[in-house]
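This is what each chain is made of:
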Amino acid sequence: MTDNVRVRFAPSPTGPLHIGGVRTALFNYLFAKKHNGTFVLRIEDTDQTRYVANAEKYIIDSLEWCNIPFDEGPGKNEKFGPYRQSERKELYKQYANQLIESGWAYYAFDTAEELDAHRKQHEAEGKTFIYNWHNREKLQSSLRLSKEEVTAKLEADEKYVVRFKTPQDEVLIMQDEIRGTIKIDTNTLDDKVLYKSDGMPTYHLANIVDDYLMEISHVIRGEEWLPSMPLHILLYKAFAWEAPKFAHLPLILKPVGKGKLGKRDGDKLGFAVFPLEYTNEQTRDVSRGYKEDGYFPDAFINMLAFLGWNPGTEQELFSLQELVENFDLTRVSKSGAKFSPEKTNWFNQQYMQQKSNSELTALFLLILKEKGIEKDNEYIEKVVSLIKERATFVADFWELSNFFFVNPSEYDAKASKKQWKEGTPILMEELITVISSIEDFTSENIEKIVKEWITSKEVGFGKVMQPLRLSLVGALKGPHLFDIIEMVGKENTIQRLQNAVNKL
Ligand code: GLU
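Residues numbered from 1 in each chain as written. Predicted model: local features only at pLDDT ≥ 70, side-chain atom pairs only at ≥ 80, totals over all residues. Heavy atoms only, no water.

K.L.:
Which residues make up the packing of aromatic side chains, and what values do they have?
P.N.:
Taken as a whole and assessed by the stated rule, the structure comprises 30 aromatic pairs. For the pair Y95 and W241, a centre-to-centre distance of 5.7 Å together with 70 degrees between the ring planes defines the contact as edge-to-face. Here the residue Y95 occupies a position in helix α3 (residues 89-101), and W241 occupies one in the loop between α7 (229-239) and β9 (245-249), the gap between them amounting to 146 residues. On the accessibility criterion, Y95 (12% relative accessible area) is buried. Aromatic rings pair up to connect F27, F306, W309, F318, F327, W346 and F347 into one cluster. Above the face of the F27 ring, R23 is positioned so that its terminal group lies 5.4 Å from the ring centre. A cation over a ring is seen here: K355 above F296, with NZ or CZ 4.8 Å from the ring centre. (Phe/Tyr/Trp six-rings, centres within 6.5 Å; stacked < 30°, edge-to-face > 60°. Helix = DSSP H or I, 4+ residues; strand = E, 2+ residues; numbered from the N terminus. Buried < 20%, exposed > 50% of the residue type's maximum accessible area, 1.4 Å probe, protein only. Lys NZ or Arg CZ within 6 Å of the ring centre and 35° of its normal.)

K.L.:
Please give an account of the layout of surface pockets that cites residues and values.
P.N.:
The computed volume of the largest pocket comes to approximately 1,100 Å³. What lines the largest pocket is a set of 43 residues, among which P11, S12, T14, E224 and W225 lie closest to the centre. Size it by volume and the second largest pocket reaches roughly 390 Å³. Per-class residue counts for the lining of the second largest pocket are 6 nonpolar, 5 polar and 5 charged. (1 Å grid on protein atoms, 1.4 Å probe; cavity = no way out; pocket = protein on both sides within 12 Å on 5 of 7 lines; lining within 4 Å. Points joined across faces, edges and corners; volume = space filled by probe spheres on them. Nonpolar A, V, L, I, M, F, W, Y, C, P; charged D, E, K, R; others polar.)

K.L.:
Any details on the site of the ligand? Residues and values, ideally.
P.N.:
Taken together, R8, A10, S12, E44, Y203, N207, R221 and W225 form the complete shell of residues around the ligand. In the model, a nitrogen atom of the ligand is placed 3.1 Å from a nitrogen or oxygen of the S12 side chain. With respect to the pocket detection grid, the ligand is positioned in the largest pocket. Class assignment for the residues of the shell around the ligand results in 3 nonpolar, 2 polar and 3 charged. (Near = heavy atom within 4 Å. Polar contact = N/O pair within 3.5 Å; in protein donor to acceptor, adjacent residues only side chain to side chain. Sits in = over half its atoms within 2 Å of the grid points.)

K.L.:
Give a detailed account of the packing of helix α18 (residues 461-473) against helix α19 (residues 481-488), specifying residues and quantitative values.
P.N.:
It is at 11 Å that the axes of α18 and α19 come closest, and there the two elements cross at 40 degrees. If you check the angle between α18 and α19, you find them oblique. With respect to the hand of their crossing, α18 and α19 are arranged in left-handed fashion. Contacts between α18 and α19 involve M465, L468, R469, L472 and V473 from the first element and L481, F482, I484, I485 and V488 from the second. (Axes fitted to C-alpha atoms, helices over the stretch in contact; angles between N-to-C directions. Parallel < 35°, antiparallel > 145°, perpendicular 65-115°, else oblique. Left-handed = near helix turned anticlockwise from the far one by under 90°. Contact = heavy atoms within 4.5 Å.)

K.L.:
Just give me the short version of the packing of helix α16 (residues 424-436) against α18, but keep the residues and values in it.
P.N.:
Here α16 crosses α18 at 80 degrees, and the two axes come no closer than 10 Å. When the axis of α16 is compared with that of α18, the two are roughly perpendicular. From α16, T424, L427, M428 and L431 reach across to α18, where they touch K463, V464, P467 and L468. Here the residues of the contact of α16 with α18 are counted per class, giving 6 nonpolar, 1 polar and 1 charged.

K.L.:
Tell me about the pattern of salt bridges, residues and numbers included.
P.N.:
Taken as a whole, this structure holds 26 salt bridges when the rule is applied. Salt-bridge contacts for D211 lead to R42; the nearest nitrogen and oxygen are separated by 2.8 Å. With a gap of 169 residues between them, D211 in helix α6 (residues 203-213) and R42 in the loop between β2 (38-41) and α2 (55-65) connect regions that are remote in the sequence. The class of D211 is buried, set by a relative accessible area of 2%. Assessed through its relative accessible area of 0%, R42 is described here as buried. In this structure, the salt-bridge partner of D191 is R136, at a minimum N-O distance of 2.9 Å. Highlighted residues: D191 in the loop between β6 (180-185) and β7 (193-196) and R136 in the loop between α4 (112-124) and α5 (147-155), separated in sequence by 55 residues. Across the pair, exposure class does not vary: D191 and R136 are buried alike. Here the residues in one salt-bridge network are R8, R42, E44, R88, D210 and D211, joined through shared partners. (Salt bridge = Lys/Arg side-chain N within 4 Å of Asp/Glu carboxyl O.)

K.L.:
Go over the sheet that holds strand β3 (residues 105-108) with me, naming the residues and quoting the values.
P.N.:
Strand order in the open sheet made by the 3 strands is β3-β4-β7, with antiparallel pairing throughout. Two strands bound the open sheet, and with one partner strand each, they are β3 and β7. The mean inter-strand angle of the sheet, taken between neighbouring strand axes irrespective of direction, is 30 degrees. Across 4 bridges, β3 lies against strand β4 (residues 161-164) in antiparallel orientation. Residue pairing across strands places A105 opposite F164, the latter belonging to β4. (Pairing = 2+ DSSP bridges.)

K.L.:
So what about unusual backbone geometry? Which residues, and what values?
P.N.:
In this structure, the amide linkage connecting G81 to the following residue, P82, adopts the cis form with an omega of -5 degrees. Following the sequence through the fold, P82 ends up in the loop between α2 and α3. Within the chain, A240 stands out as a residue other than glycine whose phi angle is a positive 60 degrees. The residue R284 is not glycine, and still its phi comes out positive at about 65 degrees. Topologically, R284 is positioned in the loop between β11 (278-279) and β12 (286-287). Judged by its relative accessible area of 55%, R284 is exposed.

K.L.:
So, the nonpolar core: which residues are in play, and what are the values?
P.N.:
With 107 residues, the main nonpolar core has F404, F405 and L431 as its most contacted residues. Beyond its immediate sequence surroundings of up to four residues, L431 is in contact with V450, W453, V464, L468 and L497. Core analysis: the next-biggest nonpolar cluster, separate from the first, contains 37 residues, L99, Y160, Y236 and F239 among them. (Core = buried A, V, L, I, M, F, W, Y, C linked by side-chain atoms within 4.5 Å.)

K.L.:
Give me the lowdown on empty space enclosed by the protein, citing residues and values where you can.
P.N.:
The final tally for this structure, using the stated rule, is 1 cavity of 30 Å³ or more. Computed from the structure, the largest cavity encloses a volume of approximately 40 Å³. Considering the residues around the largest cavity, the lining is formed by K263, G266, D267, F271, A272, V273, F274, S287 and R288. Tallied by class, residues from the lining of the largest cavity come to 4 nonpolar, 2 polar and 3 charged.

K.L.:
Before we move on, can you summarise the pairing of β4 with the specific residues and values?
P.N.:
Along a regular strand, successive side chains alternate from one face of the sheet to the other. Burial along β4 is two-sided: the face carrying V161 and R163 and the face carrying V162 and F164 are both buried. As judged from the 3 bridges shared by β4 and β7, these two strands associate in the antiparallel manner. Its bridge partner lying in β7, V161 is registered against K196.

Now the structure itself:
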């Protein structure tokens, strides 16, 4: 192993990437960048029964959208390639053989039916069947059969698997960068299958061989792989290879704080669990994605970084560069991280405020175009500057600003009833005259003149201001009223007042 930091994200292309997977990719990316290392993408597609054709593309597109692209992987800097395990298939057999020769693995010829019968029998006795030290010399294994019997079976093309011969009566002491020292009694482990006679390695063998050949220095992955760690450590020992460092990230929990956040929780609770929208090619079911739901990738990433990591300070907003600088495995927690859709929205709202008005204008333009509204960019940018602090998503802009573009077509019933009194029409007619005569039509000047007039009339401010807002906006909401008046202009303001007088 070299001193270089080389980490890998090794998803199995069995469907869309869950946010837990994106978080694993992100932590690998941050760790790699922090140490000027390399972030590798490896596609672990040895399980052909679960293979989904569009999943690899989805994974790569997701990393792109999140702005955490891989340095090395399928189709990119392929110096340790190929990076799809199905394309490395030929390579694994020699390693399985090597372990058999050195006594670290053995052939097992037990048929599925035989194993099933053992399982049932154990169950009937209230026990669990485990293939390991206590029975491997009684079963159809090359540990029991004679050399000749084994050769005969292999020559007859009998189906077999290669199992790892887990050492007996050992206490394995392992180090996890996040969890510290972990001890395990090897007698509790089963002899996992490493290789099958169909020519396919299992995840365990392929994963270790590839991590070794790709010179991976740190394995950073989800907690669900922690139970595999003893076997992986033992495999390195068996091959006499130096093991990489391991770090198992905490689970992402449901918003209630209990239970792993599953693919179905999003549907139930109304939020996305996938970065991008995903269409299941078989069922045509569409799962929503953060991108399509209007989240900014940098806000999404910032939120994900806090699922299991914290900087140890009060700071919550981190650019990707700042995350890289501050990220540290020692600040990743062991305990599960609760996912919060509200917090995710909060991040988006915060990032919204940091975005430039012109950037947001470009996005808002797409919505306005769909609605058939044409206005010059300068006007739209001004609108954006006035409303963005109230918005979480660009999709909120229209609801918050439609009155800048179109006259209200209806008026909030409750507000009208409360604010539009008997004397209101006369006051509004007078106000029309006042507004007509304003020459310098700027927010401050309009405000000054209208307020002076209200004072001179000796009516309460609310009696004028509320109906005026209702006339312009159609409801008692929106930004500073005189800003709206300046923006829509004198003629349109008068028209809106007139409309309200006629309609209310
Ligand atoms: N292929 C495994 C997965 O789908 C990789 C686990 C690991 O990183 O070792 O997550």
